[in-house]
Each structure stands twice: as structure tokens, then as C-alpha cells.
Amino acid sequence: MGTSEHVPLPTDETKAKELESQHSEEPDRGQWTGKFDFLMSMVAYAVGLGNVWRFPYLCYKNGGGSFLVVYAIFFCLAAVPIFIMEVTIGQYLQKGAMEMWLMCPLFRGVGIGNVVIAFMCIAYFCVIVAWAMFYMISSISWVFPWETCNNYWNDATCVTGKENLTELTRIKALVASAGQHTQTSVEQFWEKRVLHDTGDISNFGGIQWELFFIMAAAWLIVYFALWKGITQARKFVYFCALFPYVLIFILLIRGLTLEGAADGIYFYLKPNTTRLLDTAVWKDAGTQVFYSYGVGFGALIALGSHNKFDHNCFKDAITMCFINGCTSITAGFAVFSILGYMSHIAQKDISEIVKPGVGLAFLAYPEVASNLPMKQVFAVLFFLMITILGLDSQVCMVEGLFTALEDAFPILRKHKKLSLGIFCLFFFILGIPMVSYSGSHWLTLVDAYGASGYALLFVVFFEVVGLAYGFGAHNIRHALKEMVGINLPVFIEYIWKFCAPATSLVLFVFCIVYYHPVQYPDRRDFPAWANAFGWFLSSCSMIVIPGYAVYYLLFTNNHLTFKERVRKGLNLDGSFESPAKKNLVRNAEELKFIESTPN
């Protein structure tokens, strides 16, 4: 890891001031001050919407207990090792996702890829927050607006599900004679009131102004949470990390006391061992692990870079990984106990009620909430939870991306409030098409291609390879020992070198083999041009990795031979040392000097 570089101590007051001036030229990047600040920030970042709406649905869809077995395998082989690797390297190098690759410059394209993926995700997260806030506000009503069919946005195809058999038969016959099909009042509220959906990604229609202004409010919250730096936003981080658990447990306790809850939980965890041989189960479990734990976005590296050099990041990372997994399982119990109640009172099979993705949050739950005792309270709590989970993940992702940019362009840190304001304004403008009348389809496209799946797995593969072979798996072990005194067993190096990259590569191949064009909710395929644009979004984060490597080898360090450039690019001489360690040594020497100076 190299030896510490001795910094000459000042011998007089003038030189001391000169040295202090040199050290203070670059603005302080900020450090966590509380014992649990880093852990809470990771909880706020990684525990998010995927835990509440994606994990429970995938678990139910893929064989319940069988899915949990596969999920646990990926948890051990990929999530935990990569999670530890990212926070360790962030703390040791004290750099964001881009500048940390100075220690292995041939892989700097990975840092750019991290930034591009975070860019895609940040662009739409506040739109989801706006949807949740819209529902939360709409829930403050004696009769929910999605309960009836007599609103201005409803049409003749609307049914509430509370009609008697004769009335329902009459409506269905009338609708069928017009060549249409019925829609529930919940579906029409979502499509015609919240989204003003045109049903076609190419037909923008106009701007949904209510979502526009709610999204603006969400971005203001993000800006003011970060304008002094995330390390100064302790109260916000702690609130966003802990309060959703209060809401989850309230919903869980209420759900478990409802009739039919046991049936819902049975459907959720019903073991189907034959699904263990289904490759789709392995693909879903693997991609959920990567998405849920937030690896590959650069945010964990950025959060770790704010740690003190000797902070026990290993303990926090392990704790966080188990918190995340337990949260997903607990949220599943809460959601499916309530869905079981709905199945019981509606006399429907639970498969007719549960819906994937956003449908679980914005279609299934509003329908369920309409039939809950004290419905207003539980609807507000549920959508408040979705809002907070979205906001805290967004804040941490913005911090990760902005930290990477600050490290690359230090002038941004000197003018943080202004540059962060321009940064947030830029992403707000970028989100405007997603609050148009076709906005939900644009969000689906960006999410499917740009921020998860193929692009994320590709970038994670090269990130793990770059760290395990460029920086060196043994050096990561030694860095952890140097910082916190923990000597991990040698087999962890083999997991970093072989298991973790192999896992991400196999999942990437699965995603390519089982590729299907993105579809509308009614199962129509998106137009070919939209899927082509989606692949362009994916390529933005993938092509920069080989692209930068080629640029580095052909156009930099021209005074070196090609072989020497390869050696330098891969850091084969292992000459990089943590700047945090240097600061620690310097501060210790200065303190020793001050203590030895006579009064």
C-alpha cells in the first residue's frame, strides 16, 4: 500500500501559515461527525421503493420461499462483497466514483458509467415522489376520489367493483357493444386523473401541471437537504432513514390483524421448489439484489468518502446489508397481509389483485385502502412512506453524482450552493417530459434501459474487475485492516476476483438472452424507435468503459511505450496511497509538534 509521505513541519509562524494556506486551498469535502451518521445515510439510500413494491411482487411471482433461497445466494455472492468493496474503497481513497479511478486510470470509464447510471435514475426519481405526494394529498378526503365513477374524468366504461351483478352485467354488455372493455375507478383515477395518460409514448399531449409543481417542490426539498453538504443534513438523513420503519410496522401490525391476512402471507411465501430450476427466477433475484442494494451507482463510494479514515465501515456495511434484506421481507409481510384482506372481502384470487411495479403502489394499494377501517389514516401513511423512501434515495444519489463532479471539478465545491442549485434545476427540467401526458411511458423506458438491467450489470461487472484486479483484491483487504484493524479471511479475495464478477456477467447474459421489448400496461410493445432509443440510453453508460480505455492507451502518456501505458493504467506497480492516511499522518505530526512547542 506504500509508505506514508513525510510532510516537513513548519519551523516558524510564517511557514506555518503558508502550510495552513496550502492545506485549505481545496474546500473541505465534509465528514460524518456522529457515530451512526454513515449507517443512517446508507439506510436512507439503499432502503427504498424497490424494497416496498418490487421485492414482494417478485417473491410472490417466483415461487415464494424458492425465490428467497436464490435471493440469499446472490446476497452472499454479490450484494455483500460488492457493498463492502464500494464503501471500503470510498473511505480509503476519499474520492467520488470518477476520481477514485486515478489509482487505476485504465478503468476510469467505469466511474463515468457510474455517473451516467446515477444521471438516468436521478432524472425520474422525483417524478415517482410527485405521484406519491399526489396520492397522499388525494387521500385527505372523506371519500377517496378513486372510489366512485361520478367524477369528471370517469367515462361510461368505469366500474367501482361495488355494483350488484345485474348492474355490472348491464355495464359490461353496453361497453362490449361499443368494442371497449371496462376499467375500474382506481385505474381511471391513475390514468385519467393523475397521469392524463395518452396511452402512447409518442403523443406528449401536454404537461400535467399539478405533477409539475409537486415535482418542483420535491426538488426544492432535495436542494435544501444538500446545500450545506450531506454531512450537515443529519436530521434529514436520520428522519428519512428511521421514519419509514415506523410506518412499515404500523401497516404490518394493522395488516396482520385483518381477516384473510394469513392467506395473503401464504401466497407471498408459498414454496414452489420446481421454480429453482427456472432461469427467470435466478434472473429476477439477481437483478433485484443489485438494484435493491444500490451498487453501481457511485453513491456508496461517495457516502464512504465522507468517513474518517479509521471509521469501522465494515461493521456498518454488514449491518446495512442485513437491514436491507430484512426490510424487504418485512415490507412483503405488510403488503401481502393487506392484499390477503382485500382478497377475502372481494372474493377474488390474490393473483387478480396483486400487480407488478408501480401498479402495486398506485393501483393495488388504493383499491385495498378503500376497504380498510380508518382508511384515510392508512392511505396517508402508506403514500407518506413511499414519498420519504423516494426522497431519501434521491438525496443520496444526487450526493453521489455531485460528489463525483466536485472531485473532477473542484471549483464546484467552492461555489456549492450555486452549482448545486443549477444542478437541481437541470434535472428538474430533464424530468418535465416525464410529467407530460405520456410521461409514465418515458419513465418506464428510462428505468428499464438507462438505470437498471443491462447497463447496471455491465458497469458493475467492470467495476468489480477494476477494483479486484486493478487496485487489487489483496490491497482492499489490507486497506480495511489498515483503517479499522479487521483482517478478513483470504477467501474474500476469491469472491471479489471470481464470484462477484461472474455473478454480474451471468446475469447480464441472462438479461440479453431473455430480452423482451418494453411494453405498455396493456401488453402492447413500445414502438421500435422507443426501444432503439432505450438501447441508446443503455449504451451511454456501457460504451464509455471500453471507450475511455482506448483513449487512455492511445492518446495519453505518449512519452511511454504501449507496454508502460498498460502497466500504468492497471496500476501494476501498486504505487497509490490513500490521501486520508496522509492527512492522518500529517495531523498527528502537527499535533505532536504543537504539543512539543514550549508556551
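Residues numbered from 1 in each chain as written. Predicted model: local features only at pLDDT ≥ 70, side-chain atom pairs only at ≥ 80, totals over all residues. Heavy atoms only, no water.

Another aspect to go through is a nonpolar patch on the surface. Residues Tyr469, Val490, Phe491, Tyr494 and Phe498 make up a contiguous nonpolar surface patch of roughly 550 Å² in combined accessible area. Sorting elements by how many residues they give to the nonpolar patch places helix H20 (residues 491-513) first, with three residues. Residue placement: Tyr494 occurs in helix H20. (Patch = residues over 30% accessible without salt bridge, like charges linked within 9 Å, V, L, I, M, F, W, Y side chains within 5 Å. Areas by Shrake-Rupley, 256 points an atom, 1.4 Å probe, with all protein chains shown as cover. Salt bridge = Lys/Arg side-chain N within 4 Å of Asp/Glu carboxyl O. Helix = DSSP H or I, 4+ residues; strand = E, 2+ residues; numbered from the N terminus.)

What follows covers the environment of Gln376. Within the secondary structure layout, Gln376 lies in helix H15 (residues 375-408). The spatial distance from the C-alpha of Gln376 to the C-alpha of Ile140 is 6.3 Å, given a sequence separation of 236 residues. Those residues in contact with Gln376 that sit more than four places away from it in its chain are Ser139, Ser141, Trp142 and Phe144. Engagement of the side chain of Gln376 in a polar contact is seen with the backbone oxygen of Ser141, the distance being 3.0 Å. (Contact = heavy atoms within 4.5 Å. Polar contact = N/O pair within 3.5 Å; in protein donor to acceptor, adjacent residues only side chain to side chain.)

On to the UniProt feature "binding site: Na(+)" (unreviewed entry) in the chain. Feature annotation in UniProt places "binding site: Na(+)" (unreviewed entry) on Ala46, Val47, Asn51, Ser292, Asn324, Leu389, Asp392 and Ser393, given in this structure's numbering. Spanning 348 residues, the named residues nonetheless gather at one spot, since no C-alpha pair among them exceeds 14.5 Å. Relative to the helices and strands, Val47 resides in the loop between helix H2 (37-46) and helix H3 (49-61). What makes Val47 buried here is its relative accessible area of 4%. By the element assignment, Asp392 lies in helix H15. A relative accessible area of 2% means that Asp392 is categorised as buried. When sequence neighbours within four positions are dropped, the list of residues in contact with Asp392 reads Ala44, Tyr45, Val47, Cys240 and Ala241. (UniProt positions renumbered as here; feature names shortened; annotations may be inferred. Buried < 20%, exposed > 50% of the residue type's maximum accessible area, 1.4 Å probe, protein only.)

Geometrically, a pair of aromatic rings is defined through the distance of the ring centres and the angle of the planes. Throughout the structure, instances matching the rule amount to 63 aromatic pairs. Centroid distance Tyr135 to Phe383: 5.0 Å. Interplanar angle 25°. Geometry classified as stacked. Taken as a pair, Tyr135 in helix H5 (residues 108-138) and Phe383 in helix H15 lie far apart in primary sequence, 248 residues in all. Judged by its relative accessible area of 0%, Phe383 falls in the buried class. Aromatic side chains Tyr268 and Phe333 sit 5.6 Å apart centroid to centroid with 85° between the ring planes, which places their arrangement in the edge-to-face category. (Phe/Tyr/Trp six-rings, centres within 6.5 Å; stacked < 30°, edge-to-face > 60°.)

For the structure shown, the criterion picks out 13 salt bridges. Asp284 serves as the salt-bridge partner of Lys283, at 3.6 Å between the closest nitrogen and oxygen. Note that Arg477 and Glu493 form a salt bridge whose closest N and O atoms lie 2.7 Å from each other. Of the two residues, Arg477 sits in helix H19 (residues 454-484) while Glu493 sits in helix H20, which places them 16 residues apart along the sequence. Glu493 shares its class with Arg477; the two are buried. Members of the salt-bridge network, linked through shared partners, are Glu406, Asp407, Arg413 and Lys416.

Here we take up helix H18 (residues 439-450). Here H18 contains twelve residues, and its C-alpha end-to-end distance of 16 Å stays within 8% of the 16 Å for a straight helix at 1.5 Å per residue. Here H18 lies mainly inside the structure; nine of its twelve residues are buried. Of the residues making up H18, those classed as buried are Gly439, Ser440, His441, Trp442, Leu443, Leu445, Val446, Tyr449 and Gly450. Packing partners of the buried residues in H18 comprise H5, H19 and helix H21 (528-542). (Expected span 1.5 Å × (residues − 1).)

This part takes up the confidence of the model for the chain. Put simply, the chain has an average pLDDT of 85, and 89% of its residues get 70 or more. The lowest-confidence element of the chain is helix H1 (residues 13-23), averaging 42 in pLDDT; the highest-confidence one is helix H8 (residues 209-226), averaging 96. Considering only residues more than four positions removed or in separate chains, one finds that residues 1-24, a stretch of pLDDT under 50, has 30 contacts. (pLDDT = per-residue confidence, 0-100.)

A few words now on the nonpolar core. Residues Phe83 and Trp219 are the most contacted members of the largest nonpolar core, which totals 191 residues. A total of 22 residues in this core trace back to one element, the largest contributor, which is H5. Each residue touching Trp219, except ones within four places of it in the same chain, is listed here: Ile122, Cys126, Gln394, Val398, Cys424, Phe427 and Phe428. (Core = buried A, V, L, I, M, F, W, Y, C linked by side-chain atoms within 4.5 Å.)

Following the sequence through the fold, Thr503 ends up in helix H20. Here Thr503 falls in the buried class, since its relative accessible area comes to 9%. Once residues within four sequence positions are removed from consideration, Thr503 is found in contact with Phe74, Leu77, Ala78 and Phe290.

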